[in-house]
Each structure stands twice: as C-alpha cells, then as structure tokens.
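# Remarks on the overall topology
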Amino acid sequence: MNNKCDIGVIGLAVMGQNLVLNINDCGFSAAVYNRTVSKVNKFLEDAAANRSTIIGAHSLEEFCNLLKRPRKVLLMIKAGSAVDEYIEKLLPFLEDGDCIIDGGNSFFKDTARRTNYLKEKGILFSGTGISGGEEGARRGPSILPGGNPQAWPLLKDIFQSICAKTPAGEPCCDWVGSDGAGHYVKMIHNGIEYGDMQLICEAYSLLKEALGMGYPQIAETFHNWNKTELDSFLIEITDKILRFKDDDGQIFLEKILDTAGQKGTGIWTSQSSFELGVPVTLITEAVYARGVSSRLDERIKASSILKGADAIPAYDKISMVEDIRKALLASKIISYAQGFMLMEAAAKEYSWNLDFGNIALLWREGCIIRSVFLDNIKDAFRKDADLQNLLFDDYFSRILADCQESWRRVVCAAVSSGIAAPAFCSALSFYDAYRCPRSSANLLQAQRDYFGAHTYERIDRPRGEFFHTDWAG
Ligand code: NBP
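Residues numbered from 1 in each chain as written. Predicted model: local features only at pLDDT ≥ 70, side-chain atom pairs only at ≥ 80, totals over all residues. Heavy atoms only, no water.

### Some remarks on the nonpolar core
Core analysis: the largest hydrophobic core is formed by 86 residues, its most contacted members being Tyr184, Met343, Leu354, Trp363, Ile377, Trp407 and Phe424. A total of 17 residues in this core trace back to one element, the largest contributor, which is helix H14 (residues 317–350). Residues contacting Trp363, with those up to four places away along its chain left out, are Ser142, Leu144, Val185, Ile188, His189, Ile192, Phe340, Met343, Ile369, Arg370 and Leu374. If you look at the next biggest cluster of nonpolar residues, it comprises 30 residues, including Leu19, Ile130, Ile143 and Ile158. (Core = buried A, V, L, I, M, F, W, Y, C linked by side-chain atoms within 4.5 Å. Buried < 20%, exposed > 50% of the residue type's maximum accessible area, 1.4 Å probe, protein only. Helix = DSSP H or I, 4+ residues; strand = E, 2+ residues; numbered from the N terminus. Contact = heavy atoms within 4.5 Å.)

### Digging into the layout of surface pockets
Looking at the second largest pocket, its volume works out to about 500 Å³. Forming the boundary of the second largest pocket are 15 residues, of which Arg438, Asn442, Glu457, Arg458 and Ile459 lie nearest the centre. (1 Å grid on protein atoms, 1.4 Å probe; cavity = no way out; pocket = protein on both sides within 12 Å on 5 of 7 lines; lining within 4 Å. Points joined across faces, edges and corners; volume = space filled by probe spheres on them.)

### Structural notes on the packing of aromatic side chains
In total, this model carries 25 aromatic pairs according to the counting rule given. What links up through ring pairs into an aromatic cluster is the set Phe107, Phe108, Tyr184, Trp268, Tyr350 and Trp352. The residue whose ring lies beneath Arg290 is Tyr194, and the NZ or CZ to ring-centre distance is 3.6 Å. If you follow Lys332 out to its NZ or CZ, it ends over the ring of Phe373, 4.9 Å from the centre. (Phe/Tyr/Trp six-rings, centres within 6.5 Å; stacked < 30°, edge-to-face > 60°. Lys NZ or Arg CZ within 6 Å of the ring centre and 35° of its normal.)

### Some words on the pattern of salt bridges
Evaluated as defined, the whole model comprises 38 salt bridges. Its salt-bridge partner being Asp84, residue Arg113 comes within 3.2 Å of it at the nearest N-O pair. With Arg113 in helix H5 (residues 108–120) and Asp84 in helix H4 (residues 81–90), this pair connects stretches of sequence that are 29 residues apart. Between Asp239 and Arg243 there is a salt bridge; the shortest N-O distance is 2.5 Å. In this pair, Asp239 and Arg243 are both assigned in helix H10 (residues 233–243), four residues apart and thus about one turn of the helix distant. We classify Asp239 as buried; its relative accessible area is 8%. The class for Arg243 is partly exposed, based on a relative accessible area of 37%. (Salt bridge = Lys/Arg side-chain N within 4 Å of Asp/Glu carboxyl O.)

### Thoughts on the site of the ligand
The environment of the ligand is formed by 20 residues, the closest being Met15, Asn34, Arg35, Thr36 and Lys39. Within the side chain of Thr36, one N or O atom sits 2.5 Å away from an oxygen atom of the ligand. Within the backbone of Lys78, one N or O atom sits 3.2 Å away from an oxygen atom of the ligand. Protein chains bury 77% of the 900 Å² of accessible surface belonging to the ligand in isolation. Breaking the shell around the ligand down by element, the ones donating at least two residues are helix H1 (14–25) and H4. Of the residues in the shell around the ligand, the class split is 10 nonpolar, six polar and four charged. (Near = heavy atom within 4 Å. Polar contact = N/O pair within 3.5 Å; in protein donor to acceptor, adjacent residues only side chain to side chain. Areas by Shrake-Rupley, 256 points an atom, 1.4 Å probe, with all protein chains shown as cover. Nonpolar A, V, L, I, M, F, W, Y, C, P; charged D, E, K, R; others polar.)

### A few points about the sheet that holds strand E6 (residues 124–131)
Reading across from one edge, E3-E2-E1-E4-E5-E6-E7-E8 is the order of the eight strands in this open sheet, with mixed pairing throughout. Edge positions in the sheet fall to strand E3 (54–56) and strand E8 (177–178), since each has one partner strand and no second. Sheet topology places strand E2 (residues 30–33) next to E3; three bridges connect them, and they run parallel. Bridge assignment links Ala31 to a residue of E3, and that residue is Ile55. Of the strands in this sheet, strand E1 (7–10), E2, strand E4 (72–75), strand E5 (99–102) and E6 touch H4, which is tilted by about 155° from E4. The sheet strands contacting helix H7 (residues 152–162) are E1, E4, E5, E6 and strand E7 (142–147), and the helix crosses E5 at an angle near 45°. (Pairing = 2+ DSSP bridges. Axes fitted to C-alpha atoms, helices over the stretch in contact; angles between N-to-C directions.)

Shown next as structure tokens:
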C-alpha cells in the first residue's frame, strides 16, 4: 500500500484486534503494533489475513511513519502505568498536532493529567471510554470520547463510523467533555452495570430460593421480562445463561463457583460518590456484594454457625414473580437516578458540560447496559434539560408509584425468607429517605453538637446560622 494509514492501533489483545477489524470494515486503513511483536505477525496471518489495508509494524518508529498526519494513535492496552510508558515511547516519533487516544479503562484523573501533560507538548490527547466488550468492539461499541476538545474533529469520522447506532440510526458516539469526562462517563457506565447485574442476581436468587423455581422456569421468566420495560442486553443474556447446558446435559451455571471478581471500575464509582458526597447506594451495595461473595470459606463456615429464617413462607408464585419484576424495575430506576446524580455533581466539580440526554443515547446500543429504558432517560432529559433528578420525571415517578407496593412486598419477602437482597433493600431505603420531608437527621445533629460542639441549624431561623447548646448543663 503506497498511501499512509488513517489510524494506528497499539495493543492487539481482544479489544484491539476487534476494533482494528471493525475500523477496516468501515473503510479505514490501519497500522498495528503490539508490545510482544510476534502477535503482530500472528494477527496479520490469522484474523486480518487478506486485508491489504491493515499494515503491521515491528517498531514504534515504523508504526508512526505508517500514519497519515496528523497522526491518530489509538492505545488499546492495559490501563495504568503502561499508558504513561507508551506515551513516553511514542513522543519522539510524533509531531505537533498529532493525537493519542487512550481507549482503555483508565482512571479519569489520570486522563486529565495526561491531557494537560500532552497539551504542553503540542500533542492532542483523548481519553475515550469504549464499551461493549469484544463483541461490541467488533460489531460497533458505544464510544465515549473526552480529553482535549481539539482532538474531536480528527476522530469524529472514524469513531462515528465504527460505533453502534440506535434503532433510529443515531451514532452511539459523541464528544462527552474535556479532560477526564469520557473516562468518567465510562466509569459510571461500568458502575451502573455492576448495579444492574446485582439486581438481576437478586431477582434470580428470589425466584430460585423463595419460590423454588427451576432453571427452565426462571429462564422463561427472564425471557418474558425482556418483553417489558426491562428489555435489555443483560436480561437477554441471563435468559441464555440459565438455559446453557454442559456436555453432560446439566445446567452449566450450577458448575460455576459463586465468588465474583472485579477489576475496579465499580469501586472507582463508589469512591467518586464518597468524594463528591452523592448517595450512590445501590452501586456501592453491588460492589460490597461482590466482596461478600469472594469470602467463600467464611460463608461456608458461617452457614453452619449463624442461624437464618426458620422457614421460607409460602408465596403465591404468579403474583410474586410479577412483584419481583416490579421491584427490579423500581430499583433499576433508583440506580440510574443515583448514577446521573453523581455525574451531575462531577460535572460541577470538574467543570464539564455534560449533556445527560445525550449520555443516555450513547449508552442506548453497543454497550453492556444497553436497553430500551435508556430511551426514556434520554426523553426525560431532552424534555427538561434542567431536570433536577430523574425521579422527578413524570414517566419515572409514575412507574415508581405503580411498583412500590410490589417492591415493598419483595423486600419483606427477602428479609423474612433470610435471602440477601442488598440492592433491592438499599434502593427502597433510598426511595423512602429521599421522599421524606422531615428526617431523623435533627437527632443526628443534636448528637453531634452534644459530644463534639459541631453546631446545628434551626428550623425557625434562616439557613446558614449555626447554634450550639450546652446540653449537659
Ligand atoms: P488487556 O487489558 O488484557 O491488555 C492486553 C494488551 O495490553 C496487550 O496488547 C498487551 O501486550 C498490552 N500490554 C500490557 Br498487558 N502491558 C503493557 C505494557 N506495559 N506496555 C504496553 N502494552 C502492554 O487487553 P483487552 O482486554 O483487549 O483490553 C484493552 C483495554 O480495553 C484495557 O484497558 C481494558 O480495560 C479495556 N476494555 C476491555 C474490555 C474487555 O471486554 N476486555 C472492554 C472495555 C474496555 P502484550 O501482548 O505484549 O502482553
């Protein structure tokens, strides 16, 4: 090939390889490089065989020389120090106006630092969240670019070509915001994904343990739920997982050890919620639930020492299945409301101009939390760009009103049956606390003032005036 390549990709693990093939299918030429150089040849001989517009490089200098100017270099490597290391290695071969894109799951504060560092060197940096796993990368991911705004015009054409499209044909990729905004919104996506998965697991647990349903029945239940407001990728794959059989004919799920792993983006979401003082209770419960699950030996020991409910009450199966569906829907609304509350606080803190309706649209297809429900979130923010909270939107407040009795019955059932349902319970507690005009925090303030002279405000005086009482006399 005589012409230089449209873009270069460094990192040929699952995400990098699939993105390169997707980029090439969309008509763009790509140069590729990988730290372990032998993987470049292997990729060209296998997955990228017979594609004349994918060119392998065996050094970074050769790689950079293969690219059209301004160069676009997409890093698809392990997040963390590897990104800094590769930025340093690339710099000698880049020129003013070239662009580095970090498509990995980097921490948003690192992205902000890298954006500023590279700006000083005349290089445009974009921290771009890419969601959808290997399938998304190959067929069309949700792409969340942030960083130096001057990078966006260089990337727009390629990114909006390779990304997923909504049913209405809109690209699930648009500029999110400056410095770390793209990676922040990707982090929130992953946090919400933790919450959605935990809610589905709690529903599964209740169907199995409280109602005694078998795998085919539970799969059928998720299959039916996927035709309701819960229509989503995660419900769809849950149905498929519950039907999947091993070679011996047994349900495969039975053979999977019940200890959950995590890579950190859920924890980052919770950490950010603590830093910004936003109650993101459901995602945090989902993070803790993974932590509890990982203590397998302790749980086995505890099961023989710690007493549970005497018996599981008898429930009417048909009505309880519908109650669980409604509890899942209501809890999911709380989780998304909390996620958007956190993004709103982050936008203020970091001076990002986040468009929440657009963010819902970017998550509509291509990513793990893709769902029909995101259309309603998009509509809510499009209808009222200053919407203070998703829960104040008519559509969502009506669903919550419709679901709440079922939701309460499910939480009661989980508690009286001795089945852990931390996400259902915390979502309902948040709902009740959030809609409470006069809470018990007056007592809390009095306690703080009593032992620590922390002062309090009074209901009969203007806000901002603080008082202290000598409680002990
Ligand atoms: P991995 O996250 O498993 O990383 C493997 C790639 O990183 C290989 O190309 C490897 O090179 C390279 N690498 C490593 Br490891 N350390 C390096 C270093 N110090 N310097 C340069 N390269 C290094 O790959 P992935 O699963 O394809 O994910 C790529 C990025 O996309 C990650 O940030 C990930 O968090 C993110 N992401 C992944 C998914 C997913 O579903 N997997 C989804 C969304 C986002 P080598 O071949 O020489 O070891």
